[in-house]
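What the coordinates show
The primary structure of each chain is shown beneath.
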Amino acid sequence: MLSARTALRAPRSIRGLATSGLTKDSQVNQNLLETHSFIQYKKQLENVKIVKERLNRPLTYAEKLLYGHLDDPHGQDIQRGVSYLKLRPDRVACQDATAQMAILQFMSANLPQVATPSTVHCDHLIQAQVGGVKDLARAIDLNKEVFDFLSSACAKYNLGFWKPGSGIIHQIILENYAFPGALLIGTDSHTPNAGGLGQLAIGVGGADAVDVMADLAWELKAPKIIGVKLTGKMSGWTSPKDIILKLAGITTVKGGTGSIVEYFGSGVETFSCTGMGTICNMGAEIGATTSVFPFNPSMVDYLNATGRSEIAEFANIYKKEYLSADEGCEYDEVIEIDLNTLEPHVNGPFTPDLATPISKMKETALANNWPMEVKVGLIGSCTNSSYEDMTRAASIIKDAGAHGLKAKSIYTVSPGSEQVRATIARDGQLKTFEDFGGVVMANACGPCIGQWDRQDIKKGDKNTIVSSFNRNFTARNDGNPATHAFVASPEMTTAYAISGDLGFNPITDTLVGADGKEFKLKEPQGVGLPPNGYDAGENTYQAPPKDRSTVSVQINPSSDRLQKLTPFKPWDGKDATNMPILIKAVGKTTTDHISMAGPWLKYRGHLENISNNYMIGATNAENGEANNVKNLYTSEYKGVPDTAADYRDAGKKWVVIGDENFGEGSSREHAALEPRFLGGFAIITKSFARIHETNLKKQGLLPLNFVDVADYDKIQPEDTVDLLGLTELAPGKNVTLRVHPKNGDAAWDAQLSHTYNAEQIEWFKYGSALNKMAAVAAEKKN
Ligand code: SF4
């Protein structure tokens, strides 16, 4: 039998399915690297049949995949855009930056291993400086304690670990773990990349990943379904990236919110699986929950080429009933794109939905006074680093080279994975890039996430860069707010790097060769899959050992980046009285105000250190200032986290009073962990953003709402409060807030509502959801 790594190297026949006698009842592994995870098509199809009978209507492809993973297909309320689905994902994937706190939390549940197959990928912490090899060595040195922690924790708790240098999480998932019909959650917003292989792949916060790793069902608001109908066929300079660039221009960055984008139509079968990955990846830029393509022949080709023919064959058995949309299914909205007439697009600057077709780019750029010189062209990243992308970009470079031209702009290449890097090294494209003057970076995020030590300009210099990445928000790539970053396909990015001119249109314009003669670049040529198979390159995967009992998780006690979590104390069973208000926050209080990002991200594995940013961005109603609150007992003004810690150390529970939609923004579990660590007891608001509210519940804090929002105005920052009725806390039953005014007026009561269900009340009583899980696990053991 071939080992997993060898199998990946073996050339596979393209098109056509193997016939090894699989049946609907066969047990087929999800991938070549694990022996404990199997594809559950049979069960998922049964679930779909139950739901179809209940709903009595045809289902879209995405609906089948979602409902196939329901925890309770018989009882689940299903209304698109309304109900909350409880789901059982097939896998969890975490990148190195978000994995730290997720794994620390998982550890505090005292479970012996993850309940759902999971992997960790080292890609975000590698800074691009001079080139792949040196940058990687430097990053390994700088982040050693984080990588050692993740590696040892993965070995201990039975997760696959992808070492630094292996590649970007989404490429590794596509190459190894994605398969049609699956449901994956990943702690990164571009997890939807795997939709290119026919699965639902959804980006989540760390707390959700912990739940699934610990065997809790995962909750998702039933998404609406946007159908994107593709007709015709792309040609010339147009590539799959242009489909999503065009779509972003139609929908804007918010148009996909709360929806899954499902592609359909005759155009779907006209391009590669990796191209579909690019489109789904960048669906994150329109706010979509995820994007997905239905199972199709390009996916079979890709599965064959990556050593997974058995999966392709198995999927084909389920194609008709499970892995295709039902005829007559209905979308909430349909958008049509004609591939025959689709032009290459360039999106930006500063936002990915400002879409300009190449034919209009010059006039638009001049009219807007965008800097016309392209300083840097960057190709690759998790979005666009397939073999096809690389071969198409290399073909243009070769053509330019034949006319004696090299890159006018700085040109960088970020391979998405070690497999892609090794394959293009073997097949010559890598040398083509280097001869052109390109710098090949490490197989990692690098400039895409701002891990770029850019030297060619000074901060504040107005300049233009073009990349084949997905995001181009202000300062994302190089930390310079004056950089005008545009997003385009790798081939268009390369054309810009050759001409050095944002006004250049390779379809109509000419260049001047070294011989002084004008010429037009030839249309890009590429192949979807390597004719000689993929070269897996260096083995960068660490499987969990068979005997995990002797593995110890490595956390240096004096580390300022990592700290083991101590389980929070359970509730003492009493009403809480005489509590100070840490801060009465006024106006917008997002998770960024509650737990700021930027330099604080370094501490995301160290709760004590990152808690020093708690609420430092929120506005204090008392003085209109940020991070300046009065200690009720000492009258001293200090920062919010310092005052919270002072209360905690003096044995005082405290509350926060918040405004509307408290905790909106990205799902950041630190925003709930920090107040709990600092001794908070309840967060009382006009209203919560739902995910933050759930996160607070998970950490054992009480999120409560004023029944009469006018009480928010009545309560003063220096009042003290009691919370009464906690011993009878029950679903749907209000809690009483008794307010003792500072000015000596009589105490008054306010009614507070909550959204606890019976299971969540247990989390509060036990001190956190993880405490409850640990108690259940301990009971099972005894
Ligand atoms: Fe995110 Fe960019 Fe890394 Fe992709 S390459 S995972 S978009 S940071």
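Residues numbered from 1 in each chain as written. Predicted model: local features only at pLDDT ≥ 70, side-chain atom pairs only at ≥ 80, totals over all residues. Heavy atoms only, no water.

The name given to the protein chain in an unreviewed UniProt entry is Aconitate hydratase, mitochondrial, and the organism recorded there is Suhomyces tanzawaensis NRRL Y-17324. Taken directly from UniProt, the Sequence similarities (unreviewed entry) text for the protein chain runs: "Belongs to the aconitase/IPM isomerase family." Taken directly from UniProt, the Catalytic activity (unreviewed entry) text for the protein chain runs: "citrate = D-threo-isocitrate". (UniProt positions renumbered as here; feature names shortened; annotations may be inferred.)

This brings us to the overall build of the protein chain. Within the protein chain, the regular secondary structure consists of 25 helices and 30 strands. With the C-alpha coordinates of the protein chain rotated into their principal frame, the extents come out at 90 × 65 × 55 Å. By the burial criterion, 61% of the 782 residues in the protein chain qualify as buried. The contacts of the protein chain with a sequence gap of at least 6 include a subset with a gap of at least 24, amounting to 74%. For the protein chain, the accessible area works out to roughly 28800 Å², and carbon and sulfur atoms hold 49% of it. (Helix = DSSP H or I, 4+ residues; strand = E, 2+ residues; numbered from the N terminus. Buried < 20%, exposed > 50% of the residue type's maximum accessible area, 1.4 Å probe, protein only. Contact = heavy atoms within 4.5 Å. Areas by Shrake-Rupley, 256 points an atom, 1.4 Å probe, with all protein chains shown as cover.)

Pairing is parallel across the open sheet formed by 4 strands, whose spatial order is 10-9-8-11. Bordering the open sheet on either side are strand 10 (290-292) and strand 11 (333-338), each of which pairs with just one other strand. Pairs of neighbouring strands in the sheet enclose a mean axial angle of 20°, with direction left out of account. Across the face of the sheet, helix 9 (residues 240-251) comes into contact with strand 8 (224-231), strand 9 (259-264) and strand 11 while running at roughly 135° to strand 11. (Pairing = 2+ DSSP bridges. Axes fitted to C-alpha atoms, helices over the stretch in contact; angles between N-to-C directions.)

Turning our attention to the site of the ligand. With respect to spatial proximity, the complete set of residues near the ligand consists of H124, I168, H170, D188, H190, S381, C382, C445, C448, I449, N470 and R476. Looking at the shell around the ligand residue by residue, the classes come out as 5 nonpolar, 5 polar and 2 charged. Residue contributions to the shell around the ligand reach at least three from each of two domains, namely domain 1 (40-300 + 308-338) and domain 2 (345-514). (Near = heavy atom within 4 Å. Nonpolar A, V, L, I, M, F, W, Y, C, P; charged D, E, K, R; others polar. Domains from an automatic or database assignment.)

Before going further, it helps to examine the packing of aromatic side chains. For the structure shown, the criterion picks out 21 aromatic pairs. Between Y41 and Y318, the aromatic rings sit 5.1 Å apart at their centres with planes inclined by 55°, giving tilted as the arrangement. Separated by 277 residues along the polypeptide, Y41 in helix 2 (residues 41-55) and Y318 in the loop between helix 12 (309-317) and strand 11 bring together distant segments of the chain. A centroid spacing of 5.0 Å and a plane angle of 35° characterise the contact between W571 and F764, whose relative ring orientation is tilted. Linking W571 in the loop between strand 21 (541-542) and strand 22 (576-584) with F764 in helix 24 (residues 758-766), this pair joins segments that are 193 residues apart in sequence. (Phe/Tyr/Trp six-rings, centres within 6.5 Å; stacked < 30°, edge-to-face > 60°.)

With that settled, consider the sheet that holds strand 28 (residues 720-724). Read around the barrel, 7 strands follow the order 22-25-26-27-30-29-28 and close on themselves; strand pairing throughout is mixed. Sheet twist, expressed as the average angle between the axes of neighbouring strands with direction ignored, equals 40°. Looking at chain direction, strand 28 and strand 29 (residues 735-740) are connected through 5 bridges and run antiparallel. Of the residues in strand 29, the one forming a bridge with L724 is T736.

Taken domain by domain, the protein chain comprises domain 1 (40-300 + 308-338), domain 2 (345-514) and domain 3 (576-780). Computed over C-alpha atoms, the centres of domain 2 and domain 3 are 46 Å apart.

This part is about the side chain of H754. Its place among the elements puts H754 in the loop between strand 30 (748-753) and helix 24. Since its relative accessible area comes to 10%, H754 is described here as buried. A polar contact of 2.8 Å, which involves the side chain of H754, links it to the backbone oxygen of K733. Looking at H754, its side chain comes within polar contact range of the main-chain nitrogen of Y756, at 3.0 Å. Excluding anything up to four places from it in sequence, H754 contacts P703, L704, L729, A730, P731, G732, K733 and V735. (Polar contact = N/O pair within 3.5 Å; in protein donor to acceptor, adjacent residues only side chain to side chain.)

By size, the foremost hydrophobic cluster in this structure holds 167 residues, and its most contacted members are L230, I243, Y263, F293, F433 and L521. Discounting chain neighbours no more than four positions away, the residues touching L230 are I243, Y263, F264, G265, S266, G267, V268, F271, F293, I337 and L339. Listed in part, the 27 residues of the second largest apolar core include I657, F681, L704 and Y712. (Core = buried A, V, L, I, M, F, W, Y, C linked by side-chain atoms within 4.5 Å.)

We now examine the pattern of salt bridges. As enumerated under the stated definition, the model contains 34 salt bridges in all. With a closest N to O distance of 3.2 Å, R88 and D215 form a salt bridge. Of this pair, R88 sits in the loop between strand 1 (84-87) and strand 2 (91-95) while D215 sits in the loop between helix 8 (206-213) and strand 7 (218-221), placing them 127 residues apart in sequence. Exposure remark for D215: the relative accessible area of 47% places this residue in the partly exposed category. Put simply, E664 and K588 hold a salt bridge, and the shortest N to O gap is 2.9 Å. Here E664 is found in the loop between strand 25 (654-658) and helix 21 (670-677), whereas its partner K588 is found in the loop between strand 22 and helix 18 (591-594), with 76 residues between them in sequence. Residue E664 is classed as partly exposed on the basis of its relative accessible area, which comes to 21%. According to the relative accessible area criterion, K588 is exposed, its value standing at 55%. Several salt bridges converge on common partners, so that one network encompasses R57, E63, R80 and D332. (Salt bridge = Lys/Arg side-chain N within 4 Å of Asp/Glu carboxyl O.)

Within this model, the second largest pocket holds a volume of roughly 590 Å³. Around the second largest pocket, the lining comprises 24 residues; the ones closest to its centre are F568, K569, R676, G679 and G680. Those elements that place two or more of their residues in the lining of the second largest pocket are helix 19 (607-610), helix 21 and strand 26 (680-685). (1 Å grid on protein atoms, 1.4 Å probe; cavity = no way out; pocket = protein on both sides within 12 Å on 5 of 7 lines; lining within 4 Å. Points joined across faces, edges and corners; volume = space filled by probe spheres on them.)

Bringing the pairing of strand 18 (residues 483-487) into the picture now. With 5 of its 5 residues buried, strand 18 lies for the most part within the structure. Burial of the side chains of strand 18 extends over both faces: T483, A485 and V487 are buried on one face and H484 and F486 on the other.

Below, the discussion takes up helix 21. Side chains three or four residues apart in an α-helix point the same way, a direct result of the helix having 3.6 residues per turn. Counting buried positions over the 8 residues of helix 21 gives 7, a clear majority of the element. Listed as buried for helix 21 are H670, A671, A672, L673, E674, P675 and R676. Close packing links the buried residues of helix 21 with helix 4 (96-108), helix 18, helix 19, strand 25, strand 26 and helix 22 (690-698). Phi for G679, located one or two positions after helix 21, is positive at around 90°.

The buried count for helix 10 (residues 273-282) comes to 10 of 10 residues, which makes it a mostly enclosed element. For helix 10, the complete set of buried residues consists of C273, T274, G275, M276, G277, T278, I279, C280, N281 and M282.

Okay, the confidence of the model for the protein chain next. The share of residues in the protein chain with pLDDT of 70 or more is 97%, and the mean pLDDT across the chain is 94. Taken as a whole, residues 1-15 scores under 50 in pLDDT and shows 37 contacts with residues more than four places along the chain or in a different chain. (pLDDT = per-residue confidence, 0-100.)

As enumerated under the stated definition, the model contains 0 disulfides in all. Take C94: it sits in no disulfide, and the sulfur closest to it among the cysteines is that of C154, at 8.2 Å. Given a relative accessible area of 1%, C94 falls into the buried group. (Disulfide = S-S within 2.5 Å.)

Our focus in this paragraph is empty space enclosed by the protein. Here the structure, examined in full by the defined rule, presents 8 cavities of 30 Å³ or more. Considering only enclosed or pocket space, the largest cavity measures out at about 160 Å³ in volume. Lining the largest cavity we find 17 residues, and of these Q105, S108, Q699, S768 and L770 sit closest to its centre. Broken down by secondary-structure element, the contributors of at least two residues to the lining of the largest cavity are helix 4, helix 8 and helix 25 (769-781).

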